[in-house]
Amino acid sequence: MRKTSVMFALLFLFTAVSASAATRTWSGAVNALWSNAGNWEEGIVPASGDSIVFPPFSRSTSTNDLFSGTYASLFIDRDALNLGGNLVQLSNGVTVGSTATILFVSMPILMHGTQAMNCANADCAFDDLRWNGLITFSTANTVTRVAPPQIRLRGYGTFVHNSGHASYAAIEGMDGALLVNAGSVGYSKWGSTTGIDLHLNGDCDLLQCTARLTPGTARSLHANGGLLELTAVNVTQGHLFFGSRSIVQSTVYPYVGSSPILKSVASAAPGADGAVAIDNAVLRLMDLPAGRTPGSVVTIVDNDGADPVTGTFAGLAEGSNVMARRSRQRFQMSYTGGSGNDVTVTALAKRDVAHDLDNDGRSDIFWRHATTGENYRWSMNSHMVASTGPINTVADANWKIAALADFDGDGDNDVLWRHAVSGENYMYLMQDGSILSAGPVNRIEDLTWSIVATGDFNIDGKFDIVWQNSASGEVYIYLMNGTAVLRGGSVREVGPGWRVAGAGDFNFDTYADIVFQNEDTGEIWTWLMQNFTIITEGHTDLRPDATIAGVGQFGRDPSNPVTFDVDDLLLRNNETGAVEVYFMNGYAPSWTSTFAFVDPDWEIVAAGDYNGDSYNDVLWRHAITGENYMYLLQPTQDANGVGILSGHELPPIPDPNWKIVR
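Residues numbered from 1 in each chain as written. Predicted model: local features only at pLDDT ≥ 70, side-chain atom pairs only at ≥ 80, totals over all residues. Heavy atoms only, no water.

Participant: Got a sec to walk through the side chain of Lys462? Specific residues and values, please.
Facilitator: With respect to the helices and strands, Lys462 occurs in the loop between β43 (449–455) and β44 (464–469). Setting aside anything within four residues of it in sequence, one finds Lys462 in contact with Asp406, Phe407, Asp408, Gly409, Asp456, Met480 and Asn481. (Helix = DSSP H or I, 4+ residues; strand = E, 2+ residues; numbered from the N terminus. Contact = heavy atoms within 4.5 Å.)

Participant: Go over the pattern of salt bridges, please, and point to the residues and values.
Facilitator: Scanning all chains against the criterion turns up 7 salt bridges. The partner of Arg499 in a salt bridge is Glu519, with the nearest N and O atoms 3.8 Å apart. Here the residue Arg499 occupies a position in strand β47 (residues 498–504), and Glu519 occupies one in the loop between β48 (513–518) and β49 (523–530), the gap between them amounting to 20 residues. On the basis of relative accessibility, which here comes to 26%, the residue Arg499 falls in the partly exposed class. (Salt bridge = Lys/Arg side-chain N within 4 Å of Asp/Glu carboxyl O. Buried < 20%, exposed > 50% of the residue type's maximum accessible area, 1.4 Å probe, protein only.)

Participant: Tell me about the pairing of β49, and please be specific about residues and values.
Facilitator: Counting buried positions over the 8 residues of β49 gives 6, a clear majority of the element. Two strands pair when backbone bridges link them, and β48 and β49 are joined in this way by 4 bridges, in the antiparallel orientation. Residue pairing in the sheet places Phe516 in a bridge with Trp525 of β49. Between β48 and β49, which pair antiparallel and follow one another directly, the connecting turn spans 4 residues, one of which, Gly522, has a positive phi of 85°. Across 8 bridges, the pairing between β49 and strand β50 (residues 533–542) is antiparallel. What sits directly across from Glu523, in β50, is Leu542. (Pairing = 2+ DSSP bridges.)

Participant: Lay out the sheet that holds strand β36 (residues 365–369) with the relevant residues and their values.
Facilitator: With antiparallel pairing, the 4 strands of this open sheet are ordered in space as β38-β37-β36-β59. The open sheet has two free edges, formed respectively by β38 (384–390) and β59 (658–660), since each of these has just one partner strand. Averaged over neighbouring strand pairs, the angle between their axes works out to 25° when direction is ignored. For β36 and strand β37 (residues 375–381), the ladder comprises 4 bridges, and the chain directions are antiparallel. By the bridge assignment for β37, Ile365 is matched with Trp378. (Axes fitted to C-alpha atoms, helices over the stretch in contact; angles between N-to-C directions.)

Participant: Provide a residue-level description of the pairing of β36, including the pertinent values.
Facilitator: Summarising burial for β36: 5 of the 5 residues are buried, a large majority. With burial as the criterion, each face of β36 is covered, one bearing Ile365, Trp367 and His369 and the other bearing Phe366 and Arg368. Counted along the chain from β36 to the antiparallel partner β37, the turn is 5 residues long, and its residue Gly373 has a positive phi close to 80°.

Participant: Just give me the short version of the sheet that holds strand β57 (residues 628–635), but keep the residues and values in it.
Facilitator: Spatially, the 4 strands line up as an open sheet ordered β55-β56-β57-β58, and their pairing is antiparallel. Each edge of the open sheet carries a strand with a single partner, namely β55 (602–608) and β58 (642–650). Going from strand to strand, the sheet's axes swing by 25° on average, the running direction of each strand aside. In this sheet, strand β56 (residues 617–622) lies alongside β55 in antiparallel orientation, the contact comprising 6 bridges. The residue of β56 that forms the bridge with Ala607 is Val618.

Participant: So what's going on with the packing of aromatic side chains? Which residues, and what values?
Facilitator: Considering all chains together, one arrives at 16 aromatic pairs under this definition. Seen from their ring centres, Tyr476 and Tyr478 are 6.1 Å apart, and the 85° between their planes marks the pair as edge-to-face. An aromatic cluster of at least three residues, connected via ring pairs, comprises Trp26, Trp34, Trp40, Phe54 and Tyr71. (Phe/Tyr/Trp six-rings, centres within 6.5 Å; stacked < 30°, edge-to-face > 60°.)

Participant: Requested: an account of the confidence of the model for the chain, with residues and values cited.
Facilitator: Summing up the model confidence of the chain, the mean pLDDT is 80 and the portion of residues at 70 or higher is 71%. Taken together, the stretch residues 169–173 has pLDDT below 50 and engages in 24 contacts with residues farther than four places along the chain or on a different chain. (pLDDT = per-residue confidence, 0-100.)

Participant: Describe the environment of Ala116, with residues and values.
Facilitator: Following the sequence through the fold, Ala116 ends up in strand β11 (residues 115–119). Remark: the alpha-carbon pair of Ala116 and Ser91, spanning 25 residues in sequence, is separated by 9.7 Å.

Shown next as structure tokens:
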């Protein structure tokens, strides 16, 4: 009964190209060859115009030993089918049924006109896929192959990718266009001499569409949505467009070459104009080891055309700073670099590290005495106190340090103060451990407003201030430039008990996001932000037994290596003393790990990168004895994702009035 319905559906879906066209159903009863009539349920060998069906429980190996013909379609519902042999030409596409979970197609497939490839529930792989018309590819799951080679694409038509993930080992002789409407595509080898036209559709959300391009050739790149991840790609026609809904990113894994990330080679094609247009796209640099030495230059777009680059990346005007996320290295942006019209970044002697007060790329410890008003700096070199020094005594104990963050984008953490009685706000702009300048910041006399977090919400390289009203629950953001408030905006009110617990980039879009924890229920909730706007939000977890103790990068998510550069949550279990990391992927964790159990009398007082390895460490202080201790953390290759590299005692400070500023 099921077989009859499938055949009826095929006859309805796939139109025959001639009066004699029929459906031929594979059994493989005799052997693996198409030329043997005994291998077909109808007892007839397929002819041009026929639709070919591979049902469940048929022979898993099927070899086309017939001469090339044009068939209507292929319907594959045989799990682990190995389809090989001579070239098959199609007029009405390929459908993979829900029974097939793995498919190996080694025979060449040539498609004419507008056709569809649909995978209902499959890992589909094609060794050699050729087409001369338009192909629409849709899948519910992953499209890949467990062993190389993966899909080879040939032809001059247009390939449309609508969902799922496809991994292509080679694009050889492809002279058409690839349009990504949703899902992700990856390329590990490019054999084409002319390259393809790659389009990321403007309807894609920022991470809904992904194209990962490793060294090779493309004819043009047009990204107006999604994520375009690049490493040393030549663009032969010189046409580059990055729209406002797209992210342009150097490879997720460390970029180790000295070649340009993108090379616009206008001279390689007659009539190419070398146009490079950037319409407020997001530029996201990962790790640029070739550019870590101050003064070294990394080329983002090597523009061989004569025309200048038009437009800029979002928030990155000529001369502005951009940070490489993995190394936290600061770079200066230019659209007139190289030969005068290249997009380049020049490494600065700055790393953006939390609580770095002396600009050495490592976090430091800021002490304040609760009664005398003394302030003191410990400059750290891993777990060792490299030097110490006072920072301007502020005798009025009503002045509280509200935040340590880089508000002017120079790589040094600045000191933000708030007066607990007058509502005055004041800032020290720091340089190399000393106060460079100081000035007031917009006075807020209403003491129900508190500074609760900092983060870069408009991706201009400068940290901004998050306020929350304890009475109304309203959350408000100041976009900062040093002591100046560029703009302020209300985000939203939240209900009783909800308090901002921190800010960090949890969804890989470069913008800072906000995490809350409810004081009554322990529920954790996250807002994914852009400027003052909540892009999406959701429930993170329910943890009445734990408190968020820090935000930052503490390890590497073992379940998803692509997300290792988003910020994590550090939690302390108030009952057991367990120390946990939530590896975030949007508003929810993709993995959670527990790496230590510590006596509850020990308090987590700060988290920062004290040894300069780009991962946050944990600073402890004993509530009774005044002892201080540090865990140096490292990513691990096991299922935990984070572990203690070493633990070290720091000089004790028995006086409980000395407090470490978080």
